[in-house]
Amino acid sequence: MLKSRTFLKKTRAGGVMKIVREHYLRDDIGCGASGCAACGSAHEGPVLEPQPLDRVSSLCPQPHYLLPDTNVLLHQIDVLEDPAIRNVIVLQTVLQEVRNRSAPVYKRIRDVTNNQEKHFYTFTNEHHRNDRAIRVAAKWYNEHLKKMSAENQLRVIFITNDRKNKEKAIEEGIPAFTCEEYVKSLTANPELIDRLACLSEEGNEIDSGKIIFSEHLPLSKLQQGIKSGAYLQGTFRASRENYLEAIVWVHGDTEDNKEIILQGLKNLNRAIHEDIVAVELLPKNQWVAPSSVVLLDEGQNEDDMEKEEERECILKTAVSEKMLKPTGRVVGIIRRNWRPYCGMLSKSGIKESRRHLFTPADKRIPRIRIETRQASTLEGQRIIVAIDGWPRNSRYPNGHFVKNLGEVGDKETETEVLLLEHDVPHQPFSQAVLSLLPKMPWSITEKDMKNREDLRHLCVCSVDPPGCTDIDDALHCRELENGNLEVGVHIADVSYFIRPGNALDQESARRGTTVYLCEKRIDMVPELLSSNLCSLRSNVDRLAFSCIWEMNHNAEILKTRFTKSVINSKASLTYAEAQMRIDSSTMNDSITTSLRGLNKLAKILKKGRIENGALTLSSPEVRFHMDSETHDPIDLQTKELRETNSMVEEFMLLANISVAKKIHEEFSEHALLRKHPAPPPSNYEILVKAAKSKNLEIKTDTAKALADSLDRADSLTFPYLNTLLRILATRCMMQAVYFCSGMDTDFHHYGLASPIYTHFTSPIRRYADIIVHRLLAVAVGADCTYPELTDKHKLAELCKNLNFRHKMAQYAQRASVAFHTQLFFKSKGIVSEEAYILFVRKNALVVLIPKYGLEGTVFFEEKDKPKPRLTYDDEIPSLKIEDTVFHIFDKVKVKIMLDSSNLQHQKIRMSLVEPQIPGISVPTDTSNMDISEPETKKKKLQK
């Protein structure tokens with residue numbers, strides 16, 4: 001049916017324009033109710049149940065469906081996701097509005113509507129666009145359902161948190177309730193009340209009315225202030241080590257104000273990690289230096305602000321003027337970046353209290369106040385909580401319970417927590433994705449051979465860590481008739497299986513990278529591809545993308561070519577097996593000869609890179625040996641690196657550089673490249689001071705100067721010193737990032753001393769490599785292009801996601817190592833080991849234990865214990881404890897144990913054993929040690 005709608009619109013010039021729009025009012029859209037004779041065949045997809053009686057409401061005892069408005073969908077999604085809530089009508093206009101306002105909530109609603117067990121029905125009412133339209137739909141439904149058999153007595157209840165909208169609905173005869181009223185009426189599901197988001201201001205205010213924080217300015221004032229330069233906009237980044245300190249990373253930064261320090265609760269002003277905030281710079285006489293104290297929130301009483309102010313005094317350190325940094329305060333929030341947080345309930349000491357504090361697993365997030373009736377059940381469990389708001393008179397934000405994940409310390413639960421905390425997509429691949437995989441058995445066809453070289457005759461082999469099933473790369477080396485050498489790097493042709501824009505491609509782009517945990521791998525692509533059809537396993541034909549060089553015996557490249565190929569790997573070796581072949585005096589077969597040729601060339605390539613200024617940094621990585629039955633770690637040791645590790649690395653680097661040059665030649669504006677920015681000079685301060693304390697000079701003007709001075713920084717009496725300096729140098733580095741060549745001018749890779757670089761060699765586990773393969777395929781005429789491939793803005797957006805996913809994957813991997821290290825020391829008990837000081841803090845020493853590649857903090861101020869005399873000197877840097885002075889890189893002996901006194905943050909705790917300081921160092925006999933107190937920190941070192 002065709003209808004015309006006429007409305008008037010004001011033009012920019014001030015005139016009035018008459019607009020006539022035609023609307024097709026469809027009469028073929030069903031109501032979604034199962035068994036509705038009036039709609040008949042109009043139903044498609046999941047439908048509403050005919051008798052939704054299991055959800056008994058004291059407000060509406062008869063069978064009913066729910067029809068929520070936009071705000072309920074946006075703010076009460078946790079309630080709607082609960083299994084108790086079923087048979088919900090979601091209006092198309094409401095869904096559209098949610099999509100415009102919150103992409104994450106929209107995705108969650110789509111997931112719920114796709115879950116057939118939930119019986120959520122999307123009703124198309126696209127020609128209505130306001131609150132009245134939602135009431136019209138509710139009214140229509142109630143009239144329409146009356147036509148069904150009288151005994152059904154089905155009703156539609158309108159759920160809204162808008163008081164006026166509710167009143168109007170009741171006037172029009174529509175049953176309407178707020179979300180809170182309705183949830184509280186579900187007497188069989190009292191736990192649902194915990195999942196309600198607290199949105200009313202009265203509910204947000206805590207009982208003590210004392211105002212703690214200054215008011216946030218409205219967005220209009222913030223925008224004016226940013227425009228005029230009175231305020232600066234940036235990302236708020238909370239400190240892991242000090243809950244009273246944060247930095248704001250200024251957007252569109254100038255050289256002067258890249259980072260602004262914030263110190264003290266009032267200056268942090270209710271901002272939460274990763275919020276976009278507006279800050280006001282304080283006058284220069286109020287600027288401070290970054291605090292060198294480790295300060296953890298001990299969860300004191302909310303109204304005990306005197307104690308809080310006392311702790312803030314500890315932050316102030318007398319420092320030279322050059323140490324002072326731009327300092328500011330938060331004046332408003334431009335965009336909240338709240339997400340659901342994992343952690344534990346800290347049960348209130350008040351009997352019968354429903355108000356409790358929740359402690360997030362991420363130390364950068366403040367405690368959250370929630371109301372729950374399930375406190376006893378939730379104690380000792382990992383739970384998820386969402387933030388609802390943060391009133392000015394509350395020490396902590398308010399939130400609500402979302403979900404129970406399971407028991408603390410349980411391996412499955414803890415893995416789920418670290419994946420959620422680092423936003424790692426880990427749900428099973430959807431049916432839409434799996435349906436795009438090749439049907440088995442799969443084999444290479446004649447059609448596949450078009451535009452491909454048959455290289456199955458070459459002696460290709462792969463070299464990987466033990467147990468590797470996702471083999472991305474293989475190598476070959478052979479002598480040519482002209483006496484030169486042919487070297488090939490063959491990379492899995494994943495882009496053959498993943499075509500642009502389909503569900504498999506979209507899911508791979510969203511995941512961005514494979515995440516390797518200690519006992520688990522979260523694949524970027526389904527296992528059929530990652531461990532089978534794309535994996536370059538031995539003695540099977542596989543599709544590859546090959547980079548082949550002709551080199552002389554001095555490893556100088558004479559020719560380079562790229563080709564899609566078919567290979568058949570002759571061996572899948574571990575680094576140890578490949579090394580054994582190279583070193584063997586009896587083995588001279590073609591695989592071994594190829595490996596020896598590769599190894600010889602790799603040494604020349606590495607020497608050349610280092611002469612050009614490439615950095616060789618250090619980062620002790622640990623490997624766990626697992627019990628075959630319990631899968632608990634029974635041994636922990638640092639990974640041993642062999643020549644063959646370096647051999648593979650050299651050719652992967654060379655392939656990445658060669659491909660980067662090729663795709664940039666062909667697509668100067670649209671190449672996906674990887675750069676590593678040079679660190680600002682201030683980053684090196686700690687390294688230079690540490691070396692100076694050992695009478696060594698580290699030059700940092702260029703990468704070459706740094707590399708050379710690190711090579712010279714040796715000590716005959718202290719052989720581990722050079723490794724420590726390289727570990728510290730790693731900490732000074734910036735993060736390497738993906739970028740689009742048309743959106744940047746600086747391509748340089750600082751660490752590799754290469755003018756151009758990309759990622760080509762790991763397409764099974766990195767989505768960036770898939771894009772690079774597609775660009776290279778077009779460049780060599782092996783595949784066709786598509787619009788998104790040459791859209792630099794879309795590529796820049798993609799790079800942003802890839803950089804985020806890559807960073808989160810690294811953090812998740814470190815968290816997995818930290819958890820498994822805890823399991824290891826839980827079974828091992830208390831041990832004493834040699835350690836080296838990496839950093840001195842105002843009240844602690846951060847130490848590294850080489851045997852385990854383990855880092856931890858030794859604290860010297862313990863609760864309820866006498867405080868020692870501590871003198872901190874930032875210039876040297878050093879910490880004097882009583883009469884003993886500690887410098888960076890000093891050797892100490894520490895006791896390591898697992899402290900389980902705080903279930904939320906079970907941690908590796910370290911105490912000083914040697915040198916002996918009376919009242920500070922712990923005795924060698926640890927049988928009576930009390931490990932019930934302070935917080936410690938453990939991190940695994942990473943590049």
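Cut-off values and rules
- Residues numbered from 1 in each chain as written.
- Predicted model: local features only at pLDDT ≥ 70, side-chain atom pairs only at ≥ 80, totals over all residues.
- Heavy atoms only, no water.
- Helix = DSSP H or I, 4+ residues; strand = E, 2+ residues; numbered from the N terminus.
- Buried < 20%, exposed > 50% of the residue type's maximum accessible area, 1.4 Å probe, protein only.
- Contact = heavy atoms within 4.5 Å.
- Polar contact = N/O pair within 3.5 Å; in protein donor to acceptor, adjacent residues only side chain to side chain.
- Core = buried A, V, L, I, M, F, W, Y, C linked by side-chain atoms within 4.5 Å.
- Pairing = 2+ DSSP bridges.
- Expected span 1.5 Å × (residues − 1).
- Lys, Arg positive; Asp, Glu negative; His and termini not counted.
- Salt bridge = Lys/Arg side-chain N within 4 Å of Asp/Glu carboxyl O.
- Axes fitted to C-alpha atoms, helices over the stretch in contact; angles between N-to-C directions.
- Phe/Tyr/Trp six-rings, centres within 6.5 Å; stacked < 30°, edge-to-face > 60°.
- Lys NZ or Arg CZ within 6 Å of the ring centre and 35° of its normal.
- Arc of directions from axis to C-beta.
- pLDDT = per-residue confidence, 0-100.

**Student:** I'd love a proper account of the environment of Asp78, names of residues and values included.
**Tutor:** Relative to the elements of secondary structure, Asp78 occurs in helix α2 (residues 77-81). The exposure class assigned to Asp78 is buried, which follows from its relative accessible area of 6%. Taking C-alpha positions, Asp78 is 6.0 Å from Arg195, a pair spaced 117 residues apart along the chain. The contacts of Asp78, once residues within four sequence positions are left out, are Arg108, Arg195, Ala386, His400 and Val402. Within the local environment of Asp78, its side chain forms a polar contact with the side chain of Arg108, the two groups lying 2.6 Å apart.

**Student:** Account for the nonpolar core, with residues named and values stated.
**Tutor:** In terms of nonpolar packing, the biggest core is built from 88 residues, with Leu529, Trp549, Leu595, Phe651, Leu672, Phe760 and Ile771 touching the most fellow members. For Leu529, the residues in contact, after removing those within four places along its chain, are Leu437, Pro438, Phe497, Ile498, Leu504, Cys534 and Ser535. Counting 51 residues, the second largest nonpolar core, distinct from the first, contains Val72, Tyr106, Leu154 and Leu196.

**Student:** Tell me about unusual backbone geometry, and please be specific about residues and values.
**Tutor:** With an omega of -20°, the peptide bond running from Ile876 to Pro877 counts as cis. In this fold, Pro877 is placed in the loop between β34 (870-873) and β35 (878-881). Along the chain, Glu914 connects to Pro915 via a cis peptide bond; the corresponding omega equals 0°. Along the polypeptide, Pro915 turns up in the loop between β38 (907-914) and β39 (938-940). One non-glycine residue, Asn695, lies in positive phi territory at about 60°. Tracing the sequence through the fold places Asn695 in the loop between α21 (685-692) and α22 (703-712). Unlike most non-glycine residues, Phe889 shows phi in positive territory, near 80°. Locating Phe889 in the fold gives a position in the loop between β36 (884-887) and β37 (891-899).

**Student:** So what's going on with the pairing of strand β17 (residues 398-407)? Which residues, and what values?
**Tutor:** Counting buried positions along β17 gives seven out of 10 residues, so the element sits mostly inside the fold. Direction of pairing for strand β15 (residues 368-371) relative to β17: parallel, over a ladder of two bridges. Counted as the bridge partner of Ile370 is Gly399 from β17. Sheet analysis places strand β16 (residues 381-389) next to β17, joined by eight bridges and oriented antiparallel. Paired with Val385 across the two strands is Phe401, which belongs to β17.

**Student:** Hey, could you go over helix α25 (residues 792-828) for me, with residue numbers and the actual values?
**Tutor:** Given 3.6 residues to a turn, an α-helix orients residues that are three or four positions apart in the same direction. Over its 37 residues, α25 runs 53 Å from end to end, which matches the ideal 54 Å to within 8%, given 1.5 Å per residue. Near the N-terminus of α25, the side chain that reaches the backbone nitrogen of His793, with its oxygen 3.0 Å away, is that of Asp791. Looking one or two residues past α25, Gly829 carries a phi angle of roughly 85°, positive in sign.

**Student:** Tell me about the side chain of Arg542, residues and numbers included.
**Tutor:** One can find Arg542 in strand β24 (residues 541-551). For the buried Arg542, no salt bridge is present, and the opposite-charge side chain at shortest range is Asp541, 7.6 Å distant. At 3.4 Å, the side chain of Arg542 forms a polar contact with the backbone oxygen of Leu533. In contact with Arg542, not counting residues within four places along its chain, are Trp442, Ile444, Asn532, Leu533, Ser535, Leu536, Arg537, Ser565, Val566 and Ile567.

**Student:** Outline the sheet that holds β15, supporting the account with residue identities and numerical values.
**Tutor:** Strand order in the closed barrel formed by five strands is β13-β14-β15-β17-β16, with mixed pairing between adjacent strands. The sheet shows a mean angle of 55° between the axes of neighbouring strands, taken without regard to direction. Of the strand pairs in this sheet, strand β13 (residues 341-346) and strand β14 (residues 355-360) are connected by four bridges, and their pairing is antiparallel. Among the inter-strand pairings, Gly343 is bridged to a residue of β14, identified as Pro360. Of the strands in this sheet, β13, β16 and β17 are in contact with helix α13 (residues 411-421), which crosses β17 at around 140°.

**Student:** Report on the sheet that holds strand β11 (residues 276-281), specifying residues and quantitative values.
**Tutor:** Across the sheet, five strands lie side by side as β10-β9-β8-β11-β12; this open sheet has antiparallel pairing. The open sheet has two edge strands with one neighbour each: β10 (259-263) and β12 (328-335). Along the sheet, successive strands turn relative to each other by an average axial angle of 40°, direction set aside. In the sheet, strand β8 (residues 232-238) pairs with β11 via four bridges, with the strands oriented antiparallel. Bridge pairing in β11 places Gln233 opposite Ala278.

**Student:** Talk me through the packing of aromatic side chains; I want residue IDs and the actual numbers.
**Tutor:** In the structure shown here, the tally under the stated rule is 14 aromatic pairs. Aromatic pair Phe739 and Phe747: ring centres 5.4 Å apart, planes at 55°, arrangement tilted. The buried category is assigned to Phe739, whose relative accessible area is 6%. Pairwise contacts between aromatic rings join Phe123, Trp140 and Tyr141 into one cluster. Lying over the aromatic face of Phe429, Arg511 brings its terminal NZ or CZ to 3.9 Å of the ring centre. Positioned above the aromatic ring of Phe739 is the side chain of Lys675, whose terminal nitrogen or guanidinium carbon lies 5.6 Å from the ring centre.

**Student:** Explain helix α4 (residues 103-113) to me, using residue names and the numbers behind them.
**Tutor:** The set of residues buried in α4 consists of Val105, Tyr106, Ile109, Val112 and Thr113. The arc that holds every buried residue of α4, seen down its axis, measures 120°, which confines them to one face. α4 presents Ala103 and Pro104 as exposed residues on the side facing more than 90 degrees away from its buried surface. Here the buried face of α4 lies against α1 (70-75), α2, β4 (88-91), α3 (92-101) and β5 (120-123).

**Student:** Describe the confidence of the model for the protein, naming the residues involved and giving the relevant values.
**Tutor:** When the pLDDT values of the protein are averaged, the result is 85; 86% of them are 70 or greater. Confidence over residues 21-26 falls short of pLDDT 50; this stretch has 18 contacts with residues more than four positions distant or in other chains. Contacts for the low-pLDDT stretch residues 926-943, under 50 throughout, to residues beyond four places or in other chains number 69 contacts.

**Student:** Hey, could you go over the pairing of β16 for me, with residue numbers and the actual values?
**Tutor:** Across the nine residues of β16, nine count as buried, placing the element largely inside the fold. Summarising the sheet, β13 and β16 pair through three bridges and their orientation is antiparallel. Each bridged residue has a counterpart across the sheet, and for Tyr341 the counterpart in β16 is Val385.

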